[in-house]
Amino acid sequence: MKIHEKYINRCIQLAKNGLGSTYPNPMVGSVIVYDNKIIGEGWHQKAGEAHAEVNAIHQVKENSLFKHATIYVSLEPCSHFGKTPPCSDLIIAMGIKKVVIGTIDPFAKVAGRGIQKLIAAGCDVVVGVLEKECQELNKRFFTFHQKKRPYLILKWAQTQNGFIAPSLQQEREPVWISNRYNKLLVHKWRSEEQAILVGTQTAIKDNPKLDTRLWMGKSPLRLVIDKNLRIPKESYLYNQKVKTIFFTEKEMGNLENVEFKKLDFSQDIISQLCDYLYDLGIQSLIIEGGGKTLEQFIALEYWDEARITQNESEWKDGILAPLIEGEITKEIKLQDNLVRYYEPK
């Protein structure tokens, strides 16, 4: 089993290269091993393009080796025709008889069918190697298909004594808690997720762009809660450079690259918002504020991960940061900024 773990771990490493570019598909890595040597490896690079198993198979220079080789893949090979043919069919066609899989695919069109097809063709299939790690790799994909909502990431910055913003921002502009290294990290985070959300007050006070201008990668879909459409039309969120959706109670015609979605604000809007994003196929959402918006997600226990930056300054007063109960899973020190990652208890 240890040798299997070694190669599945390599599959996970390869798969991570696709973070942010494979949506709506999962990240997948694959290696082909002959005589204890990797003779082919690959990962899924972009939705609509070749899957990991295909890229790994294409690297093998001698087809006669396949019948004596083992293919490792972090996620169950697909069994259905999508934008590309089924990978399970290709494995069978190439004569590969040994298949080691990290975890079963939760997607309804796969969900064990790929494994069944391989076994029916006479393949020796091992399932569940580094299963927890393989599921963590695709936590967005698994959450979307199992919980029928996006993977939700809360994000904010606070002072040493727990303030998220000054009480009178106009007297203290600009106010930055995050340093320049942390800002780069935040733009990297944005490039990895499908959508980003802020509330009305944050949009009015900060006039955020919510893009990835400091990092390579696609800017996420911008989402704004604006019940009464109070955000000025001159704001960056209306600049039409990145697709933006405003959630409001008003009837409003769409603009170019700017849409308006009516919600019932007398009811729970967070659940309505998540249901709408699920219908759109959005697998991940990062919530950047403000405090009231973050607290709504926390109150409903609608979060999967929180990333909280703390600097070394202390303020006499201000707006208190949200309170959250979770377990610290990771810490990063960026000069005077400490970034903590949390998961729900």
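Computed from a prediction, not measured in an experiment: that's the story for all the values here.

Asks: Which residues make up the overall build of the chain, and what are the values?
Replies: On a plain count of helices and strands, the chain comes out with 10 helices and 16 strands. C-alpha extents for the chain along the principal axes are approximately 75 × 45 × 35 Å. Scored against the burial criterion, the 345 residues of the chain give a buried share of 51%. The long-range fraction of contacts in the chain, counting pairs at least 24 apart against all pairs at least 6 apart in sequence, stands at 67%. As presented, the chain carries roughly 17100 Å² of accessible surface, and 49% of it is formed by carbon and sulfur atoms. Charge-centre separation for the chain: the mean point of 46 positive side chains lies 3 Å from the mean point of 42 negative side chains.

Asks: Can you explain the sheet that holds strand 8 (residues 195-198)? Please cite residues and give values.
Replies: The strand order 11-10-9-8-12-6-13-16-15 describes an open sheet built from 9 strands, whose pairing is mixed. This sheet does not close on itself; its edge strands, each paired only once, are strand 11 (258-262) and strand 15 (326-334). Across the sheet, the mean angle from the axis of one strand to that of its neighbour is 20°, orientation sign disregarded. Contacting strand 6 (151-158), strand 8, strand 12 (284-289), strand 13 (305-310), strand 15 and strand 16 (337-344), helix 7 (residues 180-192) crosses the sheet at an angle of about 35° to strand 16. Where helix 9 (residues 269-280) meets the sheet, its contacts fall on strand 6, strand 8, strand 9 (221-225), strand 10 (244-248), strand 11 and strand 12, and the angle it forms with strand 10 comes to roughly 145°.

Asks: How would you sum up the nonpolar core? Please name residues and give values.
Replies: Nonpolar side chains tend to gather and get buried jointly when the protein is soluble and globular. If you look at the biggest cluster of nonpolar residues, it comprises 32 residues, and the most contacted ones within it are Leu154, Trp156, Leu223, Leu285 and Phe297. Of all the elements, helix 9 adds the most residues to this core, at 6 residues. In this view, Leu154 contacts Ile287, Leu294, Phe297, Ile298, Trp303, Glu305, Ala306, Arg307 and Ile324; residues no more than four positions away in its chain are not counted.

Asks: Requested: an account of the packing of aromatic side chains, with residues and values cited.
Replies: What the rule picks out here adds up to 8 aromatic pairs. Between Phe247 and Tyr276, the aromatic rings sit 5.8 Å apart at their centres with planes inclined by 85°, giving edge-to-face as the arrangement. Of the two residues, Phe247 sits in strand 10 while Tyr276 sits in helix 9, which places them 29 residues apart along the sequence. Note on accessibility: Phe247 and Tyr276 belong to one class, buried. Three or more aromatic residues link up through ring pairs in this structure, and these residues are Tyr238, Phe246 and Phe260. The side chain of Arg149 reaches across the aromatic face of Tyr302, ending 5.5 Å from its centre. Between the NZ or CZ atom of Lys183 and the centre of the ring of Trp176, over which it lies, the distance is 3.8 Å.

Asks: Explain the sheet that holds strand 3 (residues 70-75) to me, using residue names and the numbers behind them.
Replies: In space, the 5 strands of this open sheet follow the order 2-1-3-4-5, with mixed pairing throughout. A strand with exactly one partner marks an edge of an open sheet, and here the two such strands are strand 2 (37-43) and strand 5 (124-127). Between one strand axis and the next, the sheet turns through 15° on average, direction left out of account. Sheet analysis places strand 1 (residues 29-34) next to strand 3, joined by 4 bridges and oriented antiparallel.

Asks: Before we move on, could you go through the pairing of strand 8 and cite the residues and values that matter?
Replies: Of the two faces of strand 8, the one carrying Ala195 and Leu197 and the one carrying Ile196 and Val198 are both buried. Pairing analysis gives 4 bridges linking strand 8 to strand 9, with the strands arranged parallel. Bridging across to strand 9, Ile196 finds its partner in Arg222. Regarding topology, helix 8 (residues 200-206) serves as the crossover connection from strand 8 to the parallel strand 9, and that connection is right-handed.

Asks: Outline the pattern of salt bridges, listing residues and values.
Replies: The final tally for this structure, using the stated rule, is 18 salt bridges. Notably, a salt bridge pairs Glu305 with Lys139, separated by 3.1 Å at the nearest N-O pair. Taken as a pair, Glu305 in strand 13 and Lys139 in helix 6 (residues 139-147) lie far apart in primary sequence, 166 residues in all. Note on accessibility: Glu305 and Lys139 belong to one class, buried. For the salt bridge of Arg340 with Glu331, the shortest nitrogen-to-oxygen distance reads 2.9 Å.

About the thresholds
- Residues numbered from 1 in each chain as written.
- Predicted model: local features only at pLDDT ≥ 70, side-chain atom pairs only at ≥ 80, totals over all residues.
- Heavy atoms only, no water.
- Helix = DSSP H or I, 4+ residues; strand = E, 2+ residues; numbered from the N terminus.
- Buried < 20%, exposed > 50% of the residue type's maximum accessible area, 1.4 Å probe, protein only.
- Contact = heavy atoms within 4.5 Å.
- Areas by Shrake-Rupley, 256 points an atom, 1.4 Å probe, with all protein chains shown as cover.
- Lys, Arg positive; Asp, Glu negative; His and termini not counted.
- Charge placed at Lys NZ, Arg CZ, Asp CG, Glu CD.
- Pairing = 2+ DSSP bridges.
- Axes fitted to C-alpha atoms, helices over the stretch in contact; angles between N-to-C directions.
- Core = buried A, V, L, I, M, F, W, Y, C linked by side-chain atoms within 4.5 Å.
- Phe/Tyr/Trp six-rings, centres within 6.5 Å; stacked < 30°, edge-to-face > 60°.
- Lys NZ or Arg CZ within 6 Å of the ring centre and 35° of its normal.
- Right-handed = clockwise from strand over helix to strand, strands pointing away.
- Salt bridge = Lys/Arg side-chain N within 4 Å of Asp/Glu carboxyl O.

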